[in-house]
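# Close look at the chain arrangement
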Amino acid sequence: MGLISNNPSVRSYIYMIIFLGPALFLILFFWILPVFSTIFLSFTNMGMRKPNWEWVYLKNYMFVGAHPFSQKVAINTLVYVGATLAFNVLIGLLLAILTFYMDDRTSLVYRALWLLPRASPPVVYGLLWLWVLDSSEYGLLNQLLAPIYGKPVPWLVNYAMPGIIVINGFIGASFSLIVFSSALKAIPPDYLMAARVDGASELRIVKDVILPLMKWPIMFVTAWQTLSLLASYEYILIVTDGGPFFETEVWSLFAYHQAFQHLELGFGAALAMILVIIALIAVLIQMKLFRFREMITPVKIEHT
Amino acid sequence: MVRVKLDGLSKYFGEVKAVDNLNLSIKDGEFVAFLGPSGCGKTTTLLMIAGIYRPTKGRIYFDDMDITNIAPKDRNVGMVFQSYALYPHMKVYDNIAFPLKLKKLPKNEIDRKVKQVAKLMQIDHLLDRYPRQLSGGQQQRVALARALVKDAYVLLMDEPLSNLDAKLRILMRAELKKLQKELEVTTIYVTHDQVEAMSMADRIAVMNEGRLQQYSTPDELYDKPANIFVAGFIGSPPMNLIDATFREDSGGYLVDAGSFKLRLEPGMGEVVKNNLTGQEIIFGARPENMEIVEAAEDNTIEGTVYVLEPLGRDLIVNVKVNDYMIKALTKPGVNLNPGDKVWLKVDLDKIHIFDKKTGKAVI
Ligand SMILES: Nc1ncnc2c1ncn2[C@@H]1O[C@H](COP(=O)(O)OP(=O)(O)OP(=O)(O)O)[C@@H](O)[C@H]1O
Ligand SMILES: [Mg+2]
């Protein structure tokens, strides 16, 4: 007698549950259930101040279009995601190529330094930037610029959006840096040697050999970062909390504010659902554009 | 096309002396092979000539110009890499055109040259493909076309045939040799296949552990190996190399291997005596210079047939002489069986004697 069962199909079914069970459980509770509860909430007028709730069907969604700040927030989101994406992909690429040309030890130290923001807790990193960009004369940037400017600049009032973009950009850049560095390491050195012998300068090698070979890693980082930027708001929450006056309010933060500050759970849920749908569409478009099938096959850097 | 001169060229990677004090001259239009076992520094030498590696010591000259410190892009060398290194994201056409684009040639001239060299290499029907859509032999031709198209002063080839199957390899050998002679381009060809080197090169530089062992024509390399390494490396089946002592007695000069003794002619013995630093020698004789006789004769080596290796055209007879094995080459059809007692008659004009202490040949 077998320990579990002698029927092979029953046995394999039991094994499946044993092995997949814990993961399925986690997915169910932390992913599927929240999604369904969000969908459910978005069709109600549930709010924390109200003792009762009722179905309102699409009213919340209609209100999204009517809300005076929806358009502003949508544009903010577009600017924020687009600019941050450009910032961290380009900076990440530049840094990766620079460190690629350094000797091993220098490049390691360099990359480790760039990893610090990612390794530090978001709150610490956010507070650090608050200090750097502080409007008073004690802010780090103001202290540094004092000899040139004289009077302190209220950075987070005058340059709130650029500030947010840079803060998030540095975090993202460290991610791109890791991906791009390892992708660069995977390029067979023969290609670079051949290009040198063929008469290419290092700049031409970067343009004509390295960048084309990095196509997949660049696409992967772009897709990944688009999603994470659409969904994340923690640094904005810490540094500007969407201000001054909706200047840096992005969609995900908007949803958070509506749900947990104004306690309009139903409306917040509707906002979140719209973000989910937009993210899904973005993913589908990128999958098509980047030919996802090719991307998930093992070799990301082409060899002959 | 240029003469190439390597003057005391060395490359150390930390403790590893990948190439050590290499001195070598290559004539204009000459086809030279670098031959040696894996890790002996062949690729490293090529990469120094191409300008990819900076020599630790020594200088490189093209004609009379010292190019040691010139960037690779200004050396005008063509190189075929061991891996071919075809750019995977470029079509065959663009791969070949790449060096010309970098030279900023006009578009129509690039087109003309690419098509010309493609025709020469018989890949003109493949120009629209990506490297991954080509067979190994086709890739090799593309790599060669890319190296040739820019009218390089020197053509460097790093084991270009090693990825091909045996039949194609033999075909390409002949083609490459013919092409090189037509183009008259100074060529350095790296290989660890001695047959390839012997059949293609005007001269061969045999290397071992970063050092040049001998630099001469294929025939000379075979007939007059300069040291024990070259003697054992060149030739298949390899030369029989046997530990022995060299002595002079009342009858003249004697090679004494313990289990057999061979008497040398006085003239040869004299030369050996004068060039030897001690008495310890390595006695060498190629298998084809050992005749098998079936009765005892004067000055022969007695042994028993151990195993026969028929090779079609030839037959290798392994003869056990006490505790070592001597290979002799004969024609098939002889009536020999393992266990038979035989005598080996050595062609004494063609023997080699090496000083065991220095490793160098004395005759
Ligand atoms: N970049 C490097 N760093 C450290 N050691 C190296 C490097 N390149 C080569 N070597 C060492 O130098 C020696 C010579 O290497 P090289 O590649 O020139 O050999 P090779 O003759 O081309 O061998 P093969 O026939 O296997 O291609 C080897 O011992 C190798 O380990
Ligand atoms: Mg090599």
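Everything here concerns the structure above.
This one's a predicted model, so the numbers in the text were calculated from it and none came from an experiment.

### Brief notes about the sheet that holds strand S17 (residues 315-321) of chain B
All names here are of chain B. In space, the five strands of this open sheet follow the order S15-S19-S16-S17-S18, with antiparallel pairing throughout. A single partner strand is all that each edge strand has here, and the edge strands are strand S15 (290-293) and strand S18 (324-330). Direction aside, neighbouring strands of the sheet carry axes that sit 45 degrees apart on average.

### Examining the environment of Ser120 of chain A
Inspection of the secondary structure assignment puts Ser120 of chain A in the loop between helix H4 (104-119) and helix H5 (122-132). Considered as a pair, Ser120 of chain A and Leu211 of chain A are 91 residues apart in the sequence and their alpha carbons are 31 Å apart.

### Looking at the layout of surface pockets
To find leftover empty space, one rolls a probe the size of a water molecule over the atoms. Residue and element names in this part refer to chain A. Empty space within the largest pocket amounts to approximately 810 Å³. Around the largest pocket sit 26 residues that line it, and Val35, Thr38, Ala272, Leu275 and Val276 are the ones nearest its centre. Elements that contribute at least two residues to the lining of the largest pocket include exactly helix H1 (8-42), helix H11 (215-231), helix H13 (251-261) and helix H14 (265-289). Broken down by element, the residue count for the lining of the largest pocket peaks at 10 residues, all from H14. Residues that form the lining of the largest pocket fall into these classes: 22 nonpolar, four polar and no charged.

### Overview of helix H2 (residues 92-102) of chain B
For H2 of chain B, the buried fraction is high: eight of the 11 residues fall into the buried class. Regarding H2 of chain B, the residues found buried are Val92, Asn95, Ile96, Ala97, Phe98, Pro99, Leu100 and Leu102 of chain B. Residues of H2 of chain B that are buried in the fold lie against helix H9 (189-198) and helix H10 (202-213) of chain A together with helix H3 (107-120) and helix H4 (136-148) of chain B. Trailing H2 of chain B by a residue or two, Lys104 of chain B shows a phi angle of about 60 degrees, which is positive.

### Some remarks on the site of ligand 1
Residues and elements named next belong to chain B. Near ligand 1, the surroundings consist of 14 residues, among which Ser38, Gly39, Lys42, Thr43 and Thr44 are the closest. Contacts to ligand 1 include Ser38, whose side-chain N or O atom sits 2.5 Å from an oxygen atom. When ligand 1 is considered free in solution it has 640 Å² of accessible area, and contact with the protein chains removes 63% of it. For the shell around ligand 1, the secondary-structure elements that each account for two or more residues are strand S2 (16-26) and helix H1 (42-50). Looking at the shell around ligand 1, the element that brings in the most residues is H1, giving three residues. By residue class, the composition of the shell around ligand 1 is five nonpolar, seven polar and two charged.

### Brief notes about the sheet that holds strand S1 (residues 4-13) of chain B
Residue and element names in this part refer to chain B. An order of S2-S1-S4-S5 is seen for the four strands of this open sheet, with the pairing classed as antiparallel. The open sheet terminates on both sides in strands that have one partner only, identified here as S2 and strand S5 (65-66). In this sheet, S5 lies alongside strand S4 (residues 57-62) in antiparallel orientation, the contact comprising two bridges. Paired with Tyr61 across the bridge in S5 is Asp66. Along the sheet face, H1 touches S1, S2 and S4 and points at about 120 degrees away from the line of S1.

### Let's talk about H1 of chain B
Residue and element names in this part refer to chain B. Counting buried positions over the nine residues of H1 gives eight, a clear majority of the element. Every buried residue of H1 is accounted for by Lys42, Thr44, Thr45, Leu46, Leu47, Met48, Ile49 and Ala50. Trailing H1 by a residue or two, Gly51 shows a phi angle of about 95 degrees, which is positive.

### Digging into the packing of aromatic side chains
Per the stated rule, a full pass over the model turns up 18 aromatic pairs over all chains. Ring centres of Phe220 of chain A and Trp224 of chain A lie 6.0 Å apart, and the angle between their planes is 35 degrees; on these two criteria the pair is classed as tilted. Taken together, the residues span about one helical turn, with Phe220 of chain A and Trp224 of chain A both in helix H11 at a distance of four residues. Aromatic pair Phe260 of chain B and Phe283 of chain B: ring centres 6.3 Å apart, planes at 65 degrees, arrangement edge-to-face.

### Describing the interface of chain A and chain B
Across the boundary between the two partners, chain A contributes 18 residues, which contact 25 residues of chain B. Where chain A abuts chain B, roughly 2000 Å² becomes buried across the two surfaces, and 68% of that area is made up of carbon and sulfur atoms. Here chain A is connected to chain B by one salt bridge. In this structure, the salt-bridge partner of Arg146 of chain B is Asp198 of chain A, at a minimum N-O distance of 3.7 Å. For the interface between chain A and chain B, the tally reads six residue pairs in polar contact (both at pLDDT 80 or more). Taken together, the elements giving at least two residues each to the side of chain A that touches chain B come down to H9 and H10 of chain A.

Reading guide: rules and limits
Residue positions are counted from 1 within each chain, in the order its sequence is given. For this description, chains carry letters from A and ligands carry numbers from 1, given in the order in which they are written. Two thresholds apply to this predicted model, a pLDDT of at least 70 for residue-level local features and 80 or more for giving and counting side-chain atom pairs, whereas whole-chain, interface and lining totals are computed over all residues. To get the side-chain values, all heavy atoms of the structure are used, and hydrogens and water are removed first. We treat two strands as partners when DSSP finds at least two bridges between them. Only DSSP runs of H or I with at least four residues qualify as helices, and only runs of E with at least two residues qualify as strands; both kinds are numbered from the N terminus onward. Lines fitted to C-alpha atoms define the axes here, with helix axes fitted over just the stretch in contact, and angles between the N-to-C directions of these axes take values from 0 to 180 degrees. A pocket here means an open set of points on a 1 Å grid, computed over the protein atoms alone, that has protein on both sides within 12 Å along at least five of seven lines. A cavity is instead a set of points where a 1.4 Å probe fits but cannot get out; residues with an atom within 4 Å of a point line either one. Grid points are joined across faces, edges and corners, and a volume is the space filled by probe spheres set on the points. Each residue gets one label: Ala, Val, Leu, Ile, Met, Phe, Trp, Tyr, Cys and Pro are nonpolar, Asp, Glu, Lys and Arg are charged, and the others, such as Gly, are polar. Classification of residues uses two cut-offs on accessible area relative to the type maximum, computed with a 1.4 Å probe and protein chains only: under 20% is buried, over 50% is exposed, and between them is partly exposed. Contact definition: two residues touch when any of their heavy atoms are within 4.5 Å. Only a single heavy atom is needed: when it lies within 4 Å of a molecule or strand, its residue is near that molecule or strand. Polar contacts, as used here, are pairs of N or O atoms within 3.5 Å; protein pairs need one atom able to donate a hydrogen and one able to accept it. Residues neighboring in sequence count only if both atoms are side-chain atoms. Computed with the Shrake-Rupley method and a 1.4 Å probe, the accessible areas treat only the protein chains shown as cover for residues. Two aromatic rings from Phe, Tyr or Trp, using only the six-membered ring of Trp, form a pair when their centres are within 6.5 Å; if the ring planes differ by under 30 degrees the pair is stacked, by over 60 it is edge-to-face, and anything between is tilted. The term buried area refers to how much accessible surface (probe radius 1.4 Å) is lost by two components on association, counted for both of them together. Throughout this description, the term salt bridge denotes a Lys or Arg side-chain nitrogen within 4 Å of a carboxyl oxygen of Asp or Glu.

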